[in-house]
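The primary structure of each chain is shown beneath.
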Number of protein chains: 2
Amino acid sequence: MKNLSVVVTVAQVTALLSCTSATFGASADFADIEAQVVRQHDDGVRRLQEWIQLPSIAAENLGYPEGPQHLIALLQAVGFQKATVLETDGKPGVFATLDAGAARTLGVYMMYDVKQFDTAAWSSPPLDAALVDKPGLGKVMVGRGAVNQKGPEMAFLEALRAVKAAGKKLPVNLVLVAEGEEEIGSPHIGQIVLRPEVQAALANTLGVFMPSASQSPDGVVTVSLGAKGVIEVQLTARGEQWGRGPGKDIHSSLKAMVDSPVWHLVHALNTLVSADGNTITIDDYPQPRPISAAEKDMITEAAKRQDEEQLRQRLSTPYWIDDLPFDEALTRLVSEPTVNIEGLVGGYTGPGGKTVLPHMAQAKLDLRLVPNMTAGGALAALEAHLDRHGFGDIEVNFSGGYDPTSTPADAELIQAQIRVLKASGIDPVLWPRSAGSYPGYVFTGAPLNLASGHFGLGHGSGAHGPDEYFVIESNNPNIEGWDGAVMSYVRYLYELGQ
Amino acid sequence: MKNLSVVVTVAQVTALLSCTSATFGASADFADIEAQVVRQHDDGVRRLQEWIQLPSIAAENLGYPEGPQHLIALLQAVGFQKATVLETDGKPGVFATLDAGAARTLGVYMMYDVKQFDTAAWSSPPLDAALVDKPGLGKVMVGRGAVNQKGPEMAFLEALRAVKAAGKKLPVNLVLVAEGEEEIGSPHIGQIVLRPEVQAALANTLGVFMPSASQSPDGVVTVSLGAKGVIEVQLTARGEQWGRGPGKDIHSSLKAMVDSPVWHLVHALNTLVSADGNTITIDDYPQPRPISAAEKDMITEAAKRQDEEQLRQRLSTPYWIDDLPFDEALTRLVSEPTVNIEGLVGGYTGPGGKTVLPHMAQAKLDLRLVPNMTAGGALAALEAHLDRHGFGDIEVNFSGGYDPTSTPADAELIQAQIRVLKASGIDPVLWPRSAGSYPGYVFTGAPLNLASGHFGLGHGSGAHGPDEYFVIESNNPNIEGWDGAVMSYVRYLYELGQ
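Along each chain, residues carry numbers from 1 onward, in the same order as the chain's sequence is written. Labels follow written order: the first chain is A, the first ligand is 1, and so on. Reporting of local features is limited, given that this is a predicted model, to residues whose pLDDT is at least 70; pairs of side-chain atoms are given and counted only at 80 or more, and all residues count toward the totals for whole chains, interfaces and linings. The side-chain values count all of the structure's non-hydrogen atoms but skip hydrogen atoms and water molecules.

Visitor: So what exactly am I meant to see when it comes to the overall build of chain A here?
Guide: The helix and strand inventory of chain A stands at 16 helices and 20 strands. Against the globule reference of 23 Å for 498 residues, chain A gives a C-alpha radius of gyration of 24 Å, in line with a compact fold. Accessibility here uses a 1.4 Å probe with only protein chains present; expressed as a share of the type maximum, an area under 20% marks a residue as buried, one over 50% as exposed, and anything in between as partly exposed. Going through the 498 residues of chain A one by one, you find that 63% of them count as buried. Here a residue-residue contact requires only that any non-hydrogen atoms of the pair lie within 4.5 Å. Counting contacts in chain A only where the partners sit at least 6 residues apart, residues at least 24 apart contribute 80% of the total. Accessible areas in this description were obtained via Shrake-Rupley with a 1.4 Å probe; residue shielding takes into account the shown protein chains only. As displayed, chain A has an accessible area near 16200 Å², and 51% of this comes from carbon and sulfur atoms. By the counting scheme adopted, Arg and Lys are positive, Glu and Asp are negative, and His together with the chain ends is not counted. Each charge is placed at NZ for Lys, CZ for Arg, CG for Asp and CD for Glu. Of the side chains in chain A, 37 bear a positive and 57 a negative charge, and the two mean positions are spaced by 2 Å. Segments assigned H or I by DSSP are reported as helices when at least four residues long, segments assigned E as strands when at least two residues long, and all are numbered from the N terminus. Note on method: radius of gyration uses C-alpha positions; expected globular size equals 2.2 Å times residues raised to 0.38.

Written out as structure tokens, the structure is:
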């Protein structure tokens, strides 16, 4: 739902400011492949443009079945022997395998869908995938899905293409799963991943990674060992459901004799958290696993290397919760569950006022989850709490979410990332858990119990917003352009294949 | 701000179901005038159409100075010897006098502005003022301002025209004030009414009435002795103002380390009313005057004559507050101040969810006031309360409002209404106080201390909404059409002039 590139500001919490990455040099081992990457550069960029021009958006039922069909063609072209559509109760998934005759097999997780867009807000149309100069970065491709997630995914596919075209044998076999509902919370990811033949194929992998653009313009790369879980729920108070307030908007003067569903919602919300909004007070709420010493050490280290003041400015936030010092605020970020109000909407929402007593109001919440908590457990506790406190009439619409995910630092999937980054002159920041969320639980949880993570050089931003971009030609020494991103995957595959 | 026709459902709380009104017969006294009313019918309807086609909307700065100029021309045409624009700090007012050489002088209050409209929602364009057949009513004029308030006001002006054209002397002198900001809460009404020459002229009147369409299709006419006051305020919590939350929307995962202005607003709201939303808990809030025995008697009588079940259905409200019996719910409607949430808006308000931590949220409130309370006193108490409870950062934007207004039942302005209605076969319901609001306080309060009320037969509905209408040709025996409405003002003027 919220892959890591979406929460780049969170990843950057852990950022080193002075670290620099070297452009991949012409290493003897990779010279042929790198030459091929350069040769296929223009075609690869064009292939990314064509993909962006074909959006699949689950919330709008747009681009199905073209989306999975197009992905299958892309996979077949870079060497996947098998690539099939998997139907689900929602949008279809894709399952593909590439048998390279290698000793090890790597799992790959992709999404082929993108977030909705509002064309009017973009400076370059979101489906043009135009190349645009961006100060401080270079030439970037602007388009919906450019960084979330088609750009990094296409760079990974171009790595496979380059290895093949250079006449090399891929050093690992691949098992790939892709979904078309990531942006609506991956409601059917289990129907793809836990299908018997898919589960069996994934069980043989050393873990599952998602291609990602992990460089920030200051040169920092974060290696995250997991992510919080999340549930998104809309709480709706309606007079007709409550059986007390009005069933339609009525004149506000009637408040003197008619109950208000809006006040009902406000009072329900008030029972969920402490008066400062920061401590969850939902009855019998799942308790988080306390932070471990190893996690605390990572945070202490990251806090030292991060410019707190710069982060405050970027977030336009003068103080952390309870005026905590930075390392304790970061500890909270990593280890504490949250109840956040994403939005409130009810009654008259235009300028000024309008004298109505609204018949309904809605609060949109997201609740982030940490280890020892499950999406189902959190939802059940919320519903039971509302019921117990006299708010059982309030509709709780669960619109998406999943459990937290964790991978041990010593997993080969992670250690190989660290070795590739260090060999490239990058000292990555190890981070216990992204505060954002992605559906890694389906890989790291039972029955698969695999490692899962993100990897990839390159940079982009603007996921979910307007002018989303991915850097194609970098003029910033701290970030790789297209070819460097492609080569990062080549090196990762070879590192894992050793 | 909210004139009585807007709260027709409230007026109908007091409705008699079986009461019927007779069409004005050709009384000997009024035969000449009535014949003239029939003769000028088509021209009068056209004059109303032309007025509707020239909207003045303060919130949109539309139709100034054309609005007051047009009204002045209308007033001059029906015999006002003086009619001038009065500048204010906002939109101009109009002051006009008609000296008929009569013994008594009547004050008239008008508004020349109308509510905003959304043309797309209308079945007939709001500025076309088209005549449309409406089942159960007859031929109605559909247009913005048709009933609120141009239709009744034009009918009153046509009454003056008819008396004049019939060669009669008007039985009362007139002092008229009009404003162009009624729909934004009459912020400068005092600058019009309390101007020395206006105040002096009004001081000689027997009270001030506003033309109004007071008939409901079931034949009921309510005579209201006042109206609640109101203040409308928007409470806005902003991170930048608070100095704690973010100054822009940030990723929701950051809730773990950043305070939320939305939660801050929710907790502030929670301190304003009791857990059921119905008892005001603002510290040191002005106390209402207890209901009098006379008021209680009126309510008891009205409750008996009203079909409670029909009202519940119209309001789609199965229970009144605290499951009160009808007369007690009506007592609350008349006598209790309220704190109502008109709307909530903050963060993401579209379908489903979006993972943001919003930097601001707003609650739009209206607070109705009863005698012994003032708009200024209520606002000051609200601000002091928020400050004392740790919410002093929350912006309180007062967007309009005024004090309550009351007129004694024995005022000649009221008694003359009752006599005219009874002479027409209508047994009016006397009602202590409309739960809606209009700026009558400027007439009934110091220094003028006059009587103030609404009067007029005819029917319309849809004020503030789409398809606002006023009945021109009635086929419903319970309501008057255009000519009947015009004649109701003729009779009222003669009754007052006796």
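Visitor: In this structure, what is going on with the packing of aromatic side chains? I would like to understand it.
Guide: Between two aromatic rings, the relevant description is the distance of the centres plus the angle of the planes. Residues and elements named next belong to chain A. Pairing of aromatic rings covers Phe, Tyr and the six-membered ring of Trp, with a centre-to-centre limit of 6.5 Å; geometry is then stacked below 30 degrees between planes, edge-to-face above 60, and tilted otherwise. Scanning all chains against the criterion turns up 24 aromatic pairs over all chains. Their ring planes at 85° and their centres at 6.2 Å tell us that F470 and W482 sit as a pair that is edge-to-face. Of this pair, F470 sits in strand β20 (residues 469-474) while W482 sits in helix α16 (residues 482-497), placing them 12 residues apart in sequence. Here the two residues F470 and W482 agree in accessibility, since each one is buried. Feature note: the residues F156, F209, F455, Y489 and Y492 constitute an aromatic cluster, connected by ring pairs. A ring is considered to have a charge above it if a Lys NZ or an Arg CZ atom is located within 6 Å of its centre and within 35 degrees of its normal. Note that K91 overlies the ring of Y64, its terminal NZ or CZ placed 4.7 Å from the centroid.

Visitor: Looking at this structure, I do not really get the relation of the copies chain A and chain B. What am I missing?
Guide: Related by rotation about an axis and a shift along that axis, the two copies of the chain form a pair. Least squares is the method for superposing the copies, and the C-alpha atoms it fits come from residues with pLDDT of at least 70 in both. When chain A is fitted onto chain B, the two copies agree to an RMSD of 0.1 Å after a turn of 180° and an axial shift of 0.1 Å. Both copies are brought into coincidence by an operation consistent with a two-fold rotation axis. Residues of chain A ranked by C-alpha distance from the rotation axis are headed by V345(A), positioned 2.4 Å from it. Of all interface residues in chain A, 100% are interface residues in chain B too; the two copies therefore contact each other through one and the same surface.

Visitor: Could you clarify how one ought to interpret the environment of K115(A) in this entry?
Guide: All names here are of chain A. Within the fold, K115 resides in the loop between β3 (105-111) and β4 (130-134). The spatial distance from the C-alpha of K115 to the C-alpha of Y441 is 21 Å, given a sequence separation of 326 residues. In this structure, K115 is in contact with I57, R144, E183 and H464, ignoring residues within four places of it in sequence. Distance and chemistry together define a polar contact, namely a pair of N or O atoms within 3.5 Å, with one atom able to donate a hydrogen and the other to accept it when in protein, and with adjacent residues in sequence counting only for side-chain atoms on both sides. In terms of polar contacts, K115 uses its side chain to reach the backbone carbonyl oxygen of E183, at 3.4 Å.

Visitor: I keep staring at unusual backbone geometry and nothing clicks. Help me out?
Guide: For residues other than glycine, phi is negative in most cases, and the peptide bonds are mostly trans. Of note, the bond from A446(A) into P447(A) is cis; its omega dihedral lies within 30 degrees of zero at 0°. Mapped onto the fold, P447(A) is located in the loop between α15 (441-444) and β18 (452-455). Following N148(B), the chain continues to Q149(B) via a peptide bond in cis, the omega torsion being 20°. Positionally, Q149(B) belongs in helix α5 (residues 146-165). Here the phi dihedral of D284(A) falls at roughly 50°; this positive angle occurs in a residue that is not glycine. Note on D284(A): relative accessible area 67%, which makes it exposed.

Visitor: What exactly am I supposed to notice about helix α3 (residues 41-52) of chain A here?
Guide: Helical periodicity: at 3.6 residues per turn, an α-helix aligns residues three or four positions apart in one direction. Residue and element names in this part refer to chain A. Helix length check: α3 (12 residues) gives 17 Å between terminal C-alpha atoms against 16 Å at 1.5 Å per residue, within 8%. Every buried residue belonging to α3 is among H41, G44, V45, R47, L48, W51 and I52, and all of these are buried. Down the axis of α3, the buried set is contained in an arc of 155°. They therefore lie on one face. To estimate how far a helix should reach, multiply one less than its number of residues by 1.5 Å. Arc definition: it is the arc formed by the directions from the helix axis to the C-beta atoms.

Visitor: Would you mind showing me how to read the sheet that holds strand β19 (residues 460-461) of chain A here?
Guide: Two orientations exist for strands paired in a sheet by backbone hydrogen bonds: parallel and antiparallel. Pairing between two strands is assigned when DSSP locates at least 2 bridges connecting them. Read across the open sheet, the four strands follow the order β4-β5-β20-β19 (chain A); overall the sheet is antiparallel. Of all strands in the sheet, those bounded by a partner on one side alone are β4 and β19 of chain A.

Visitor: Please explain the interface of chain A and chain B as it appears in this structure.
Guide: Buried accessible area, meaning the area lost when the parts come together, often serves as the stated size of an interface. The partner chain B presents 79 residues to the 79 residues of chain A that form the contact. For any pair of parts, buried area is found by adding up, for both, the accessible area (1.4 Å probe) each one loses once the two are put together. Here chain A packs against chain B, burying approximately 6400 Å² in sum over the two surfaces, 58% of which is carbon and sulfur. For the chain A face of the interface with chain B, the top three residues by lost area are M257(A), W263(A) and L344(A), together amounting to 13%. When a carboxyl oxygen of Asp or Glu lies within 4 Å of a side-chain nitrogen of Lys or Arg, that pair is called a salt bridge. Linking chain A to chain B there are two salt bridges. With a closest N to O distance of 3.0 Å, D323(A) and R244(B) form a salt bridge. It is strand β12 (residues 338-347) of chain A that provides the largest number of residues to the side of chain A that touches chain B, a total of 10 residues. Among the residues making up the side of chain A that touches chain B, the classes are represented as 35 nonpolar, 26 polar and 18 charged. One ladder, built from five bridges, connects β12(A) with strand β12 (residues 338-347) of chain B; its direction is antiparallel. Bridged to G347(A) within β12(B) is G343(B). Three residue categories are used. Nonpolar comprises Ala, Val, Leu, Ile, Met, Phe, Trp, Tyr, Cys and Pro, charged comprises Asp, Glu, Lys and Arg, and polar comprises the others, including Gly.

Visitor: Whenever I open this one, the pattern of salt bridges confuses me. Can you help?
Guide: Pairing is possible between side chains that carry opposite charge, provided their charged atoms lie close to one another. All names here are of chain A. This model, assessed by the stated rule, comprises 46 salt bridges over all chains. Two residues, R388 and D284, come together in a salt bridge whose shortest N-O distance is 3.8 Å. Separated by 104 residues along the polypeptide, R388 in helix α13 (residues 375-388) and D284 in the loop between α9 (261-270) and α10 (293-305) bring together distant segments of the chain. Here R433 makes a salt bridge to E295, at a shortest N to O gap of 2.9 Å. Of this pair, R433 sits in the loop between β17 (429-431) and α15 while E295 sits in helix α10, and the two are 138 residues apart along the sequence. E295 sits in the buried class, given a relative accessible area of 9%.

Visitor: It is not clear to me how the pairing of strand β2 (residues 93-98) of chain B should be interpreted in this structure. Could you clarify?
Guide: Regular strands place side chains that alternate from one sheet face to the opposite one. Residues and elements named next belong to chain B. With six of six residues buried, β2 lies mostly within the body of the structure. The side-chain alternation of β2 yields two buried faces, one formed by G93, F95 and T97 and the other by V94, A96 and L98. Bridge count for strand β1 (residues 82-86) against β2 is five bridges, and the pairing is antiparallel. Opposite A83, over in β2, you have A96 as the bridge partner. Sheet analysis places β2 next to strand β6 (residues 173-179), joined by five bridges and oriented antiparallel. Within the sheet, the bridge partner assigned to F95 lies in β6 and is V177.

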